[in-house]
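Coordinate inspection notes
Letter by letter, the chains look like this.
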Amino acid sequence: MEWWLVLALVLGIPLVLLPVALVWYLNISGIYQVIRATRARQKKRDEALKEAARAVQSS
């Protein structure tokens with residue numbers, strides 16, 4: 001393999017993979033935030049339902 005081809009591969013692969021890694025990171029962090037927000041909403045909803053059940057039982 002010629003030296004210029006090796007140099008092109010060594011310089012070209014990171015240039016291609018950097019934007020791919022950035023997009024992957026943004027997707028994964030967005031999914032993580034959605035999951036976290038969903039769990040927080042479910043927790044609030046469960047607490048509200050428990051409170052409502054307590055209110056019904058006490059009356």
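What counts, and where the lines are drawn
- Residues numbered from 1 in each chain as written.
- Predicted model: local features only at pLDDT ≥ 70, side-chain atom pairs only at ≥ 80, totals over all residues.
- Heavy atoms only, no water.
- Helix = DSSP H or I, 4+ residues; strand = E, 2+ residues; numbered from the N terminus.
- Rg over C-alpha atoms; globule rule 2.2 N^0.38 Å.
- Areas by Shrake-Rupley, 256 points an atom, 1.4 Å probe, with all protein chains shown as cover.
- Lys, Arg positive; Asp, Glu negative; His and termini not counted.
- Charge placed at Lys NZ, Arg CZ, Asp CG, Glu CD.
- Buried < 20%, exposed > 50% of the residue type's maximum accessible area, 1.4 Å probe, protein only.

**Overview of the overall build of the chain**
Within the chain one finds 1 helix and 0 strands. Over its C-alpha atoms the chain spans a radius of gyration of 26 Å, topping by over 25% the 10 Å that the globule rule assigns to 59 residues. Along the longest, intermediate and shortest principal axes, the C-alpha atoms of the chain span 85 × 15 × 5 Å. Working note: accessible area of the chain is about 5,800 Å², and carbon and sulfur atoms make up 69% of it. Distance between charge centres in the chain, computed from 8 positive and 4 negative side chains, equals 10 Å.

**What about the environment of R36?**
As for its placement among the helices and strands, R36 is situated in helix α1 (residues 3–58). For R36, a relative accessible area of 52% translates into the label exposed.

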